[in-house]
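# A look at the structure
Given next are the chains, with one letter for each unit.
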Amino acid sequence: MSTEGSHPGPPESTPPRRRKAHRGKGQEPAYSEKTHLIHGRNQSDRWDYKHHVVPPLSSSVTFRLDSTDRAARAFVEFGKGHVEGKPPIYIYDRLDEPTRGMLEENLAYAEEGEIGVAFASGMAAITAAILSWARAGDRVLTCPVLYGCTYSLFHNWLPRFGIECEALDLNDEETLSRKLTPQVRIVYFETPINPDLSLIDIGLVRRVVDRANAGRPPQDRIRILVDNTFATPYGQRPLSLGAHVVVESLTKNIGGFGTELGGVVVGPAEIESALLGFRKDFGGVLSTKSAWAFLVYGLPTLPVRYRQQQETAMKVARFLEADPRIDKVRYPGLESFPQKELARRQMVDYEGRFAPGTLLYFCLKDLPGDPHAGQRLIDFIAENSYTMTLAVSLGQVKTLIEHPYSMTHSALTCTGDSAHLVEPGGIRLSLGLEKGEDLIRDLKEALDAILGPPER
Ligand SMILES: *Cc1c(COP(=O)(O)O)cnc(C)c1O
């Protein structure tokens, strides 16, 4: 890992354990992460496929166990952690299986964690990360604005299991410190936050949590869980910045093509057993066919897609910022971004370069007597634009536009205390791989149609 543009490491952290199979043949220094995401391990001890150029797709619900003796060993060993160099004894797809196992190794590597456990969706991964650690009576601290379904999980479901959630400004050291009562077991957040891309300072949260953890026995410690869906491991590694556990949807930028649903939890080896047990019993398991697509198409192309989309995001952000009809543009790469220092510290790619991401957020200037101009702009685009599609989700090869207030964040805006935090006029754009000038052309046409040509 390059230390260029280095950020202060989290206090009390040990460097992530590198799996040796991700090193080059022999023991020469590691190749770049970009190269590793293409080749993974030259040879996985999950499965002997040394004559395949492409890792094979396993599609077997159940596995031959040979003898009751070997079967008994499989059940005893399940969930005890993968031993390097020793092929696991597979039992049944929902417990563990080779194609998904290879993806999990590569995802753990990408996030600089020790282990990864993959789930059927990002939401299944988030649920597992929380319920495999918190119990009835525990509290979760979080931010007021969250991905809509996570917000709903925290407000509609977790309380039924006796887990209460409280939202606060996690960048406010004093308040966070005060709220870390003995019942708190998890601090959960996204950074960048969906949809307006404000950031949470992961290192700051870790410093405060370390103080609260100092007197606690290991089983009572607070864990910091970060949803890294927006930045992806290519653009930010929360574990190296102070998070204990990373969760993310694979459906978005990691998948990249919009064909598969998936999620993953990455963290230290000690969380693996509970996650595998949770997945075994709750059942939200990632299908091998989807795992194979993430392994073969998604991860290997992530760096090149991300960099290209990011370049386009910067171009479009600059265009919008220069347009007098736009009230504000939020993109971490812009000089005007309020947390630009933090962005430069946290959002860094594998080579140490600033990685402001592939999403942007903007609002139109208020027109007197027309509070719905933003929505009308989106509707015009939905009907007339060749390059932009009105749809939820993000991180695909096609540019997607959406209206958070009425769509992805309706769980917040219809109920609850956070409604006022989502702007009715806000527009979220997820940049695809189209040429930037083509997107700008369609945006210009829509702005002219809805707001009239700019006054100069
Ligand atoms: C999409 C998304 C999720 C949920 O992922 P699914 O794969 O759709 O379940 C969670 N967090 C964020 C930030 C997301 O964008």
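Residues numbered from 1 in each chain as written. Predicted model: local features only at pLDDT ≥ 70, side-chain atom pairs only at ≥ 80, totals over all residues. Heavy atoms only, no water.

The subject of this paragraph is the overall build of the protein chain. A tally of helices and strands in the protein chain yields 15 helices and twelve strands. Relative to the compact-globule value of 23 Å for 456 residues, the protein chain shows a C-alpha radius of gyration of 22 Å, a close match. With respect to the three principal axes, the spread of C-alpha positions in the protein chain is 80 × 50 × 40 Å. Across the 456 residues that make up the protein chain, the buried fraction comes to 55%. The contacts of the protein chain with a sequence gap of at least 6 include a subset with a gap of at least 24, amounting to 74%. On the protein chain, the mean spot of the 53 positive side-chain charges and the mean spot of the 58 negative ones are 5 Å from each other. (Helix = DSSP H or I, 4+ residues; strand = E, 2+ residues; numbered from the N terminus. Rg over C-alpha atoms; globule rule 2.2 N^0.38 Å. Buried < 20%, exposed > 50% of the residue type's maximum accessible area, 1.4 Å probe, protein only. Contact = heavy atoms within 4.5 Å. Lys, Arg positive; Asp, Glu negative; His and termini not counted. Charge placed at Lys NZ, Arg CZ, Asp CG, Glu CD.)

The next thing to look at is the site of the ligand. Looking at the ligand, there are 13 residues lining it, with Gly 122, Asp 227, Ser 249, Thr 251 and Lys 252 nearest. In the environment of the ligand, a nitrogen atom lies 2.6 Å from a nitrogen or oxygen atom belonging to the side chain of Asp 227. One nitrogen or oxygen atom from the side chain of Ser 249 is found 2.8 Å from an oxygen atom belonging to the ligand. In terms of residue count, helix α4 (residues 122–131) provides more of the shell around the ligand than any other element does, three residues in total. (Near = heavy atom within 4 Å. Polar contact = N/O pair within 3.5 Å; in protein donor to acceptor, adjacent residues only side chain to side chain.)

Next up on the list: the sheet that holds strand β12 (residues 426–430). Across the sheet, five strands lie side by side as β8-β9-β12-β11-β10; this open sheet has mixed pairing. What marks the edges here is a single partner per strand, and that holds for β8 (326–330) and β10 (388–390). Going from strand to strand, the sheet's axes swing by 25 degrees on average, the running direction of each strand aside. Of the strand pairs in this sheet, strand β9 (residues 359–364) and β12 are connected by five bridges, and their pairing is antiparallel. The residue of β12 that forms the bridge with Leu 359 is Ser 430. (Pairing = 2+ DSSP bridges. Axes fitted to C-alpha atoms, helices over the stretch in contact; angles between N-to-C directions.)

Attention now moves to the nonpolar core. Tyr 188 and Phe 189 are the most contacted members of the largest nonpolar core, which totals 79 residues. Split by domain, this core shows at least three residues from each of two domains, domain 1 (33–297) and domain 2 (303–451). With 29 residues, the next largest nonpolar core counts Leu 360, Phe 362, Ile 427 and Leu 439 among its residues. (Core = buried A, V, L, I, M, F, W, Y, C linked by side-chain atoms within 4.5 Å. Domains from an automatic or database assignment.)

Glancing now at the pattern of salt bridges. Where charged atoms from two side chains of opposite charge come close, those side chains can pair. Going through the model one piece at a time under the given rule, you end up with 23 salt bridges. Between Glu 166 and Lys 179 there is a salt bridge, and its shortest N-O distance comes to 2.6 Å. Separated by 13 residues along the polypeptide, Glu 166 in strand β3 (residues 164–167) and Lys 179 in helix α6 (residues 173–179) bring together distant segments of the chain. For Asp 210, the salt bridge identified is with Arg 206, shortest N-O distance 3.0 Å. A residue pair is termed a helical-turn pair when its members lie 3 or 4 positions apart in one helix, as Asp 210 and Arg 206 do in helix α7 (residues 202–213) at four residues. Take Asp 210 and Arg 206: they sit in the same class, and that class is buried. (Salt bridge = Lys/Arg side-chain N within 4 Å of Asp/Glu carboxyl O.)

Attention now goes to the domain arrangement of the protein chain. For the protein chain, the domain assignment lists domain 1 (33–297) and domain 2 (303–451). Each of domain 1 and domain 2 was reduced to a C-alpha centroid, and the two centroids are 28 Å apart. Together, Leu 199, Tyr 234 and Asn 253 form the three largest contributors to the area buried by domain 1 at its contact with domain 2, with a combined 22%. The tally of links from domain 1 across to domain 2 stands at two salt bridges. For Arg 345, the salt bridge goes to Asp 201, with nearest N and O atoms at 3.7 Å. Between domain 1 and domain 2 we count 14 residue pairs in polar contact (both at pLDDT 80 or more) in total. Elements that contribute at least two residues to the side of domain 1 that touches domain 2 include exactly α1 (33–39), α5 (148–157), α7 and α8 (232–235). Looking at the side of domain 1 that touches domain 2, the element that brings in the most residues is α8, giving four residues. (Buried area = accessible area lost by both parts, 1.4 Å probe.)

Okay, the state of the cysteines next. As enumerated under the stated definition, the model contains zero disulfides in all. Considering cysteine sulfurs only, Cys 165 is the nearest to Cys 143, which forms no disulfide, with 12 Å between them. A residue is classified by how much of its surface remains accessible, and Cys 143, at 4% relative accessible area, is buried. (Disulfide = S-S within 2.5 Å.)

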